[in-house]
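Secondary and tertiary structure notes
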Amino acid sequence: LKTPDCPIDLAWTMMPANRAVQELWDTVELQLMTLKRMKTMGMPTEMTGALASLFAMNQACSQSYAVGGTHSIAHACQRIFLENGGKFYTKSEVAKVLLEGGEAKGIRLADGTEIGARKLVVSAIDPHQLCFELVGREHLDRRLVRRLETVMRGLTCITWYTWAVHELPQYISASWNPDANNCHWTLLAIKDLEMMLKEGLMRTLGIVPPLEGQLIVFGQHSQYDPTRAPEGKHVVSTEQHVVAAPTFTERQWMDFKLKHAKETIEEWQKYAPNMNWDNVIGYDPITPYDTAARLKNMPMGDQATVDTVPGQMGKLRPIPELARYRTPIKNLYATGTAWNLAHTGTAAQGYACYKAIADDLGLAKPWKDKGRLY
């Protein structure tokens with residue numbers, strides 16, 4: 001099924017990733033690593049469309065660090081905004097986009113304050129809240145409303161536990177592979193491909209998969225950035241794919257937090273014996289319930305906001321009517337995680353959104369300057 005113009009086997013574009021990885025690689029370790037990374041990217045491996053998902057894995061090779069933590073980037077952006085005359089309203093959320101003649105004219109806050117827009121309104125929340133709460137169904141085409149109602153969400157819900165420790169994990173495997181203690185992203189998995197295949201299906205049914213063979217260790221940031229922890233101490237994170245925030249009650253999520261912490265240490269010790277409770281100073285447990293409560297643009301606790309599945313990827317994301325950062329409302333633009341080609345929050349979404357705005361409003365296009373690559 002290869003063609004002269006495309007040396008890649010096109011059959012991979014139609015088969016589930018679960019099968020494609022078994023054709024591509026002989027070792028179960030690489031198969032498991034690829035599938036787990038895809039799940040973290042929000043790509044259900046039991047669905048078709050493996051080829052695009054596999055190539056998206058390239059982003060795993062370009063990890064970087066922000067000194068002091070990613071919040072320092074947000075603070076820097078805030079300063080730039082303020083220095084250029086911007087204002088922040090943090091004590092009252094946005095309630096409505098003000099519309100006049102089918103055009104966005106500003107916003108109304110929950111406290112009644114109205115803020116006019118000279119040029120445009122840009123949203124970074126999830127498409128459901130933008131369309132159904134801030135704009136209103138009555139202002140949108142019935143087909144758009146129906147399509148958005150059926151968008152898949154909730155398949156990329158993850159726990160993030162940050163552990164304060166006396167010393168970093170010392171893995172048994174470092175005895176034959178010293179790099180094991182220096183990895184940014186480590187999958188602690190048993191050699192059971194069938195369990196990996198079942199994991200996604202269990203979560204779809206509202207069942208938290210067993211932790212054994214599913215634990216990811218990541219973010220040993222203090223190893224390279226000493227500002228992250230007191231001298232001689234460290235922070236490191238773990239994650240596991242679980243179920244969407246609405247699956248459990250608040251009480252059930254609270255019970256889960258302690259149970260998951262105990263199971264994590266028990267599993268971690270199998271690979272790094274020093275990761276016991278004596279080494280733990282404390283931990284910060286973040287579940288999908290916490291994510292949904294803290295981040296308005298992730299109401300399901302889903303880090304992808306909108307699942308990265310066929311029909312919701314690339315130029316179709318989140319839905320065709322809202323893709324490419326434009327909305328049916330004139331001068332109302334949208335960006336954020338749900339508008340990325342796959343998912344994750346990066347500067348790319350804002351930059352691409354500005355390109356759409358620049359085309360529509362005749363603004364400067366610095367990427368066209370001589371010597372610029374993009």
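Going by the structure above, here's the rest.
Report on the accompanying structure. Within any chain, residue numbers begin from 1 and follow the written order of that chain's sequence. Only residues with pLDDT of 70 or above have their local features reported here, since the model is predicted, and side-chain atom pairs are shown and tallied only from 80 upward, although totals for entire chains, interfaces and linings are computed over all residues. Side-chain figures throughout are based on the complete set of non-hydrogen atoms in the structure, without hydrogens or water.

**Brief notes about the packing of aromatic side chains**
Two aromatic rings, drawn from Phe, Tyr or Trp (for Trp, its six-membered ring), form a pair once their centres lie within 6.5 Å of each other, and the interplanar angle then sorts them: stacked below 30 degrees, edge-to-face above 60, tilted otherwise. Inspection of every chain in the model, using the stated rule, returns 11 aromatic pairs. Aromatic pair tyrosine 161 and tryptophan 163: ring centres 6.1 Å apart, planes at 35°, arrangement tilted. Tryptophan 163 matches tyrosine 161 in its accessibility class, with the two residues each being buried. Measuring from ring centre to ring centre gives 6.1 Å for tyrosine 351 and tryptophan 367, while their planes differ by 90°; the resulting arrangement is edge-to-face. Of the two residues, tyrosine 351 sits in helix H10 (residues 347-361) while tryptophan 367 sits in the segment after H10, which places them 16 residues apart along the sequence. Partly exposed describes any residue whose relative accessible area lies between the buried limit of under 20% and the exposed limit of over 50%, with all areas from a 1.4 Å probe on protein chains only and scaled to the type maximum. Relative accessible area serves as the criterion here: at 14%, tryptophan 367 is assigned to the buried category. Aromatic ring contacts, followed pair by pair, group Tyr161, Trp163, Trp268, Trp277 and Tyr283 into a single cluster. Comment: the charge-over-ring label is applied if NZ (Lys) or CZ (Arg) is within 6 Å of the ring centre and within 35 degrees of the ring normal. One Lys or Arg, arginine 37, reaches over the ring of tryptophan 185 and ends 5.0 Å from the middle of that ring. Over the face of the ring belonging to tryptophan 367 we find lysine 355, whose NZ or CZ atom lies 5.0 Å from the ring centre. A run of H or I in DSSP becomes a helix once it reaches four residues, and a run of E becomes a strand once it reaches two; helices and strands are each numbered from the N terminus.

**A few points about helix H4 (residues 71-83)**
Because an α-helix completes one turn every 3.6 residues, residues spaced three or four positions apart along the sequence face the same direction. Given a helix with a known number of residues, its expected span is that number minus one, times 1.5 Å. If you check H4, its first and last C-alpha atoms are 18 Å apart, about what 13 residues at 1.5 Å a residue would give, namely 18 Å. Of the residues one or two after H4, glycine 85 is the one with positive phi, at around 90°.

**A closer look at empty space enclosed by the protein**
Points on a 1 Å grid, built from protein atoms alone, make a cavity when a 1.4 Å probe fits but cannot get out and make a pocket when they are open with protein on both sides within 12 Å along at least 5 of 7 lines; residues with an atom within 4 Å of a point are the lining residues. Grid points are joined across faces, edges and corners, and a volume is the space filled by probe spheres set on the points. All chains considered together, the criterion is met by three cavities of 30 Å³ or more. What the largest cavity holds in volume is close to 80 Å³. Considering each element in turn, the lining of the largest cavity owes the most residues, three residues, to helix H7 (residues 193-204). Amino acids outside the nonpolar list (Ala, Val, Leu, Ile, Met, Phe, Trp, Tyr, Cys, Pro) and the charged list (Asp, Glu, Lys, Arg) are all regarded as polar, and Gly is one of them. Its residues placed into classes, the lining of the largest cavity shows three nonpolar, four polar and three charged.

**Here we look at the sheet that holds strand E1 (residues 94-100)**
Strands pair, by our definition, only if DSSP identifies at least two bridges between them. An order of E1-E2-E3 is seen for the three strands of this open sheet, with the pairing classed as antiparallel. The outermost strands of the open sheet, each flanked by one partner alone, are E1 and strand E3 (114-116). Averaged over all pairs of adjacent strands, the angle between their axes in this sheet comes to 30°, without regard to strand direction. In the sheet, E1 pairs with strand E2 (residues 103-109) via six bridges, with the strands oriented antiparallel. Residue pairing across strands places leucine 98 opposite glycine 106, the latter belonging to E2. Lines are fitted to the C-alpha atoms to define the axes, a helix being fitted only along its stretch in contact, and any angle between axes, read from their N-to-C directions, falls within 0 to 180 degrees.

**Observations regarding the sheet that holds strand E6 (residues 185-188)**
Backbone-to-backbone hydrogen bonds join strands into a sheet, with any given pair of strands oriented parallel or antiparallel. With antiparallel pairing, the five strands of this open sheet are ordered in space as E6-E7-E8-E5-E9. In this open sheet, the two edge strands, each paired with only one partner strand, are E6 and strand E9 (280-286). If you compare each strand with its neighbour and ignore which way they point, the axes differ by 25° on average. Looking at chain direction, strand E5 (residues 158-165) and strand E8 (residues 234-241) are connected through eight bridges and run antiparallel. Paired with threonine 159 across the strands is glutamine 240, a residue of E8.

**Structural notes on the layout of surface pockets**
Estimated volume of the second largest pocket: approximately 640 Å³. Contributing to the lining of the second largest pocket are 21 residues, with Glu29, Ser173, Thr186, Leu187 and Ala189 lying nearest its centre. The set of elements that each furnish at least two residues to the lining of the second largest pocket consists of helix H2 (28-40), E6 and helix H8 (250-271). Looking at side-chain class alone, the lining of the second largest pocket contains 14 nonpolar, four polar and three charged residues.

**Re a nonpolar patch on the surface**
Without a salt bridge and with relative accessible area above 30%, a residue can belong to a patch; like charges are then joined within 9 Å and nonpolar side chains (Val, Leu, Ile, Met, Phe, Trp, Tyr) within 5 Å. All accessibility values rest on the Shrake-Rupley procedure with a 1.4 Å probe; residue burial counts only the protein chains present in the view. The salt bridge criterion pairs a side-chain nitrogen of Lys or Arg with a carboxyl oxygen of Asp or Glu, the two atoms within 4 Å. Residues Phe81, Leu82 and Phe88 make up a contiguous nonpolar surface patch of about 290 Å² in total accessible area. Of note, phenylalanine 81 is situated in helix H4.

**Some thoughts on the nonpolar core**
Grouped together as the largest cluster of nonpolar side chains are 29 residues, with contacts concentrated most on Leu130, Cys131 and Leu332. Looking at this core, the elements with two or more residues in it are E2, helix H5 (127-135), helix H6 (142-149), strand E10 (332-334) and H10. No other element matches H5, which puts five residues into this core. Contact definition: two residues touch when any of their heavy atoms are within 4.5 Å. Discounting residues that sit within four places of it in the chain, leucine 332 has contacts with Ala104, Val121, Leu130, Val135, Arg326 and Thr327. To define a nonpolar core, start from buried Ala, Val, Leu, Ile, Met, Phe, Trp, Tyr and Cys residues and group those joined through side-chain atoms within 4.5 Å. Ranked by size, the runner-up nonpolar core spans 21 residues in total, among them Trp163, Val165, Ala180 and Val280.

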